[in-house]
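Residue-level structure breakdown
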Amino acid sequence: DAGITQSPRYKITETGRQVTLMCHQTWSHSYMFWYRQDLGHGLRLIYYSAAADITDKGEVPDGYVVSRSKTENFPLTLESATRSQTSVYFCASKTRREAVTDTQYFGPGTRLTVL
Amino acid sequence: DQQVKQNSPSLSVQEGRISILNCDYTNSMFDYFLWYKKYPAEGPTFLISISSIKDKNEDGRFTVFLNKSAKHLSLHIVPSQPGDSAVYFCAASAPGNLIFGKGTKLSVKP
C-alpha cells in the first residue's frame, strides 16, 4: 500500500536496551522526520533527513541515532533506552519541492514504553 | 522558548456552533502556517494552511485567519460537528521542518 508506515505500532522494552523504530514511505519523498509527542509538549522534532545519507538534529536529539541509507527508509534507534524516552513517536515525510505547501505526511505512530 | 504557542489546552463547543482555535507565534520570519488534526491512536493529518501573503484561507467548514501584525492565527470551524473532536496542532514552516504548538483538544458535544 502506498503511504507512510511505521513498525512496530507498540513496543515495550526495558531500560538500557537498544530499540529501533522503523519508518517506510512509498512516495519517494526527499525529506523525512522523526517526532515525539508527549503530554504538555506537543510534537517535538528529534531528527530529520533532507535526502539519503543526509541527516540533521532537531530539538531533542539526545539519546537517539538515525540513518538514511535508502530514500524510503528512516529508522530511529534508541541506543540505550531510558524511561524518559517513553513516548509516542511519529515519522513524517514531505517532498523536496519548495512549493506553496509545506505539508508533512505523518505515519500512524509507535507507542514506546520503557520500563 | 516556545516559538509557536497554543495557550488553550482544551475547548468544548456545542454541535452546530462555531469553534475558534487560537495560535500565536514569536518569529516574524515565519511565512507559512499549517493546521493539523489528530485523532487518538492516529498520526496527525493536514487540515488547512495559509501563506503570509494572505489573511484568510477557506476550505469548506474550515477557515484560517492570519493577523501578521499581531503574530496570531486562528482556525474557525463552522458548524462544528462531533467528528471534529480531536487535537488540533498549529505549525509554522521553518527551514527544513515544521515547528508545532502544543495542541488544543477540541470536544464537540452533540
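About the thresholds
- Residues numbered from 1 in each chain as written.
- Chains lettered and ligands numbered in written order.
- Predicted model: local features only at pLDDT ≥ 70, side-chain atom pairs only at ≥ 80, totals over all residues.
- Heavy atoms only, no water.
- Disulfide = S-S within 2.5 Å.
- Helix = DSSP H or I, 4+ residues; strand = E, 2+ residues; numbered from the N terminus.
- Buried < 20%, exposed > 50% of the residue type's maximum accessible area, 1.4 Å probe, protein only.
- Phe/Tyr/Trp six-rings, centres within 6.5 Å; stacked < 30°, edge-to-face > 60°.
- Lys NZ or Arg CZ within 6 Å of the ring centre and 35° of its normal.
- Pairing = 2+ DSSP bridges.
- Axes fitted to C-alpha atoms, helices over the stretch in contact; angles between N-to-C directions.
- Contact = heavy atoms within 4.5 Å.
- Polar contact = N/O pair within 3.5 Å; in protein donor to acceptor, adjacent residues only side chain to side chain.
- Nonpolar A, V, L, I, M, F, W, Y, C, P; charged D, E, K, R; others polar.

Details of the state of the cysteines
Scanning the model with the defined rule gives 2 disulfides over all chains in all. A disulfide bridge connects A:C23 with A:C91, and the sulfur atoms are separated by 1.8 Å. Classification of the bridge connecting A:C23 and A:C91 rests on its S-S torsion, roughly -75 degrees, and on that basis the disulfide is left-handed. Taken together, the positions of A:C23 in strand β3 (residues 19-25) and A:C91 in strand β9 (residues 87-94) put the pair 68 residues apart, joining distant regions of the chain. Classification of A:C91 as buried rests on a relative accessible area of 0%. In this model, B:C23 is linked to B:C90 through a disulfide, with the two sulfur atoms separated by 2.0 Å. Judged by the torsion about the S-S bond (-75 degrees), the B:C23/B:C90 disulfide is left-handed.

Describing the packing of aromatic side chains
Scanning the entire structure with this criterion turns up 15 aromatic pairs over all chains. Members of the aromatic cluster, joined through ring pairs, are A:Y31, A:F33, A:Y35, A:Y48, A:F106, B:Y36, B:F46, B:F89 and B:F100. Sitting over the face of the ring of A:F74, A:R68 holds its NZ or CZ atom 6.0 Å from the ring centroid. Positioned above the aromatic ring of A:Y31 is the side chain of A:K94, whose terminal nitrogen or guanidinium carbon lies 4.2 Å from the ring centre.

Considerations on the sheet that holds strand β7 (residues 64-66) of chain A
Residue and element names in this part refer to chain A. On the basis of which strands lie adjacent, the open sheet formed by 4 strands has the order β1-β3-β8-β7 and antiparallel pairing. Across the chains shown, the open sheet's two edge strands, defined by having one partner strand only, are β1 (4-7) and β7. The mean angle between the axes of side-by-side strands here comes to 20 degrees, regardless of whether they run parallel or antiparallel. Sheet topology places β7 next to strand β8 (residues 76-78); 3 bridges connect them, and they run antiparallel. Directly across from V66, in β8, lies its bridge partner L76.

Some remarks on the interface of chain A and chain B
Each side of the interface is counted separately: chain A has 21 residues, and chain B has 18 residues. The tally of links between chain A and chain B comes to 3 residue pairs in polar contact (both at pLDDT 80 or more). Among the secondary structure elements, those contributing two or more residues to the side of chain A that touches chain B are β4 (31-38), β5 (42-51) and β9 of chain A. Split by residue class, the side of chain A that touches chain B holds 10 nonpolar, 8 polar and 3 charged.

What about the environment of B:P44?
On the secondary structure map, B:P44 appears in the loop between β4 (32-38) and β5 (45-51). Judged by its relative accessible area of 2%, B:P44 is buried. Separated by 29 residues in sequence, B:P44 and B:L73 place their C-alpha atoms 19 Å apart. The residues touching B:P44, leaving out its near neighbours within four places in the chain, are A:L43, A:F90, A:F106, B:Y36, B:K37 and B:K38.

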